[in-house]
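Spelled out from the first residue to the last, the chains are:
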Amino acid sequence: MEEEKIDVQAYAMQKDQEDPLKGYRNQFYLPKQANGEPYVYFCGNSLGLQPKSVKEAVNQELLDWQNLGVEGHLQAKNPWLPYHEYLTPAMAKMVGAKEHEVVVMNTLSVNLHLMMVSFYQPKGDRNKILIESDAFPSDRYAVTSQIRYHGLDPTDCLIALAPRTGEHCLRPEDIAESIKQHGDSIALILIGNTNYYTGQYFDMKAITKLGHDLGCTVGFDCAHAAGNVALQLHDSGADFAVWCSYKYLNAGPGSIGACFVHERHGNRTDLPKFTGWWGHNKETRFGMRDAYDPIPGAESWQLSNPPILSIAAVWASLKLFDEVGMDALTRKSLELTGYLLALIDSLDNPRIEVLTPLDPNQRGSQVSIRVKDSGKSLFDELYNNGIIADWREPDVIRVAPVPFYNTFQEVFMFVEILKSLLVDE
Ligand SMILES: *Cc1c(COP(=O)(O)O)cnc(C)c1O
């Protein structure tokens, strides 16, 4: 038994030594325990850690504002006027989109509403929205309020896809069945991908095709996928997607989010849209008198000039993603979670149930673990033992070993501590 433990630990040490991304851990600030040791931070799915490069990036903008005032719009080292455009190439690459399909703006729930203004168009009997039954609460509130905004009743117009009794994840065939069954009455399919609770990742292309074949619009909330899974938004064919940048994108609490609008919608003038001056033709924007003349592509959904201090942090973080690429990150991520799942399995503890799909094509960095008959005290004990994870009532721990800054040895430590706490209970 003891020998086996040394073997799996030795494996972790070797994997860390051979890790092509090992240099990146040192480019992030790791929260420290009272004893000076870093926490095992498995909460990058909730709030990613701060890249060390962020401070300099934000300071540059503070300095230019200090020295230039309004002139910074044109004369800052990175002029503020086109600032959001600096982020577009890396952001588009990260989510597998064309540059004119992506815009960094607002925050996530706001973008979701703006997208639904354009892409939730209930007409006659086609008036429903299909979501997952365990959709993130903000998304549920957003779709419910959109339904009401159109004078409709959510009890008639909201379809929530639920897993089968006794199961946690949605089966692809059940998603397909539901779309087929309700297709004629669905105006919008909105799926959280990756699901925030179970960590399940869905086949976007397949869902989009099923929806489109039946005349439904299809959008995705990629808050838990951006920076986590190698997305191919353009090829998925989805009509739109939204995401934030403070989770896997490591851009700081409440930082500015982003949007994808498929190019086939980029120049449509028939779509209802809430508009503002930042979506107007850049050449004549400051004419201030001209009739609204939208910029082609996703940028035309912009309303306001963006918060430069926040977007500077997103840019600094995106540079790391651009350097490494999603393929390398995903490779390590799947190895980390594969190792975690194997260790949990070897505990052979009937109280532990993994909610996340074991199939590597159906998950990202996050593993959701139910510990039956436990309570928040287990989570508190993990914290006292140097582990920061995420707790969902009543008994689920969500852990996300992030390839940028987590190690195989941290995964090993986590499982050892979990094991010892379950013995003590
Ligand atoms: C994190 C998250 C949100 C949070 O929305 P904000 O507008 O950024 O506060 C909403 N939806 C999903 C699916 C999320 O994962």
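Note that residues are indexed from 1 along each chain, following the sequence as it is written. Where totals are concerned, whole chains, interfaces and linings use all residues; where local detail is concerned, this predicted model gives features only for residues with pLDDT of at least 70, and gives and counts side-chain atom pairs only at 80 or more. Calculated side-chain values reflect all of the structure's heavy atoms, with hydrogen atoms and water omitted.

(A) Inspection of the state of the cysteines at higher detail. Here, two cysteine sulfur atoms that lie within 2.5 Å of each other are counted as a disulfide. The tally for this structure, following the rule as stated, stands at zero disulfides. Free of any disulfide, Cys157 has its nearest cysteine sulfur in Cys216, 14 Å distant. Here Cys157 falls in the buried class, since its relative accessible area comes to 2%. Cysteine Cys169 is unpaired, with the sulfur of Cys222 as its nearest cysteine sulfur at 17 Å. Remark: exposure states derive from per-residue accessible area (1.4 Å probe, protein chains only) relative to the maximum for the residue type, with buried under 20%, exposed over 50%, and partly exposed in between.

(B) A look at the site of the ligand. If a single non-hydrogen atom of a residue is within 4 Å of a molecule or strand, that residue counts as near it. Around the ligand, the surrounding shell consists of Leu108, Ser109, Phe136, Ser138, Asp139, Asp221, Ala223, His224, Tyr246 and Lys247. The definition of a polar contact used here is a pair of N or O atoms within 3.5 Å, where within protein one atom must be able to donate a hydrogen and the other to accept one, and adjacent residues in sequence count solely through side-chain atom pairs. Interatomic distance of 2.4 Å between a side-chain N/O atom of Lys247 and an oxygen atom of the ligand. Coverage of the ligand by the protein chains reaches 82% of its 390 Å² of free accessible surface. Helix numbers and strand numbers start at the N terminus; a helix is a DSSP run of H or I with at least 4 residues, a strand a run of E with at least 2. Elements represented by at least two residues in the shell around the ligand include exactly α5 (108–119) and α6 (137–149). The method behind every accessible area is Shrake-Rupley, applied with a 1.4 Å probe, and residues are considered shielded solely by the protein chains displayed.

(C) Seen up close, a nonpolar patch on the surface. Residues with no salt bridge and a relative accessible area higher than 30% make up the patches, which join like charges within 9 Å and nonpolar side chains (Val, Leu, Ile, Met, Phe, Trp, Tyr) within 5 Å. Should a side-chain nitrogen of Lys or Arg be within 4 Å of a carboxyl oxygen of Asp or Glu, the pair is scored as a salt bridge. Together, Leu62, Trp65 and Leu309 give the surface a local cluster of nonpolar side chains, amounting to about 290 Å² of exposed area. Within the secondary structure layout, Leu62 lies in helix α2 (residues 53–68).

(D) The domain arrangement of the protein chain, seen in detail. Residue ranges for the domains trace back to a domain assignment, done automatically or taken from a database. Segmenting the protein chain into domains produces domain 1 (2–30 + 325–424) and domain 2 (59–323). Buried area: the sum, over both parts, of the accessible surface (1.4 Å probe) that disappears when the two are put together. Of all residues in domain 1, Met326, Leu355 and Gln362 give up the largest surface area on contact with domain 2, accounting jointly for 25% of the area buried on that side. Of all the secondary structure elements, the ones that give two or more residues to the side of domain 1 that touches domain 2 are α12 (326–347), β10 (367–371) and β13 (396–399). Each residue gets one of three labels, nonpolar for Ala, Val, Leu, Ile, Met, Phe, Trp, Tyr, Cys and Pro, charged for Asp, Glu, Lys and Arg, and polar for the others, Gly among them. For the side of domain 1 that touches domain 2, the per-class residue count stands at eleven nonpolar, eleven polar and six charged.

(E) Seen up close, the sheet that holds strand β5 (residues 186–192). Taken in spatial order, the seven strands make up an open sheet running β2-β8-β7-β6-β5-β3-β4, and their pairing is mixed. Of all strands in the sheet, those with a lone pairing partner are β2 (102–104) and β4 (158–161), marking the two edges. Looking at each pair of strands side by side, their axes are set apart by 15° on average, direction ignored. Between any two strands, at least two bridges found by DSSP are needed for them to pair. Both β5 and strand β6 (residues 217–221) contribute to a ladder of five bridges, which runs parallel. Among the inter-strand pairings, Ile189 is bridged to a residue of β6, identified as Val218. In this analysis, two residues are considered to be in contact whenever any of their non-hydrogen atoms come within 4.5 Å of each other. Here the axes come from fitting lines to C-alpha atoms, over the contacting stretch only for helices, and the angles between their N-to-C directions go from 0 to 180 degrees. Lying on the sheet, helix α4 (residues 83–95) is in contact with β2, β7 (240–243) and β8 (258–261); it crosses β2 at an angle near 125°.

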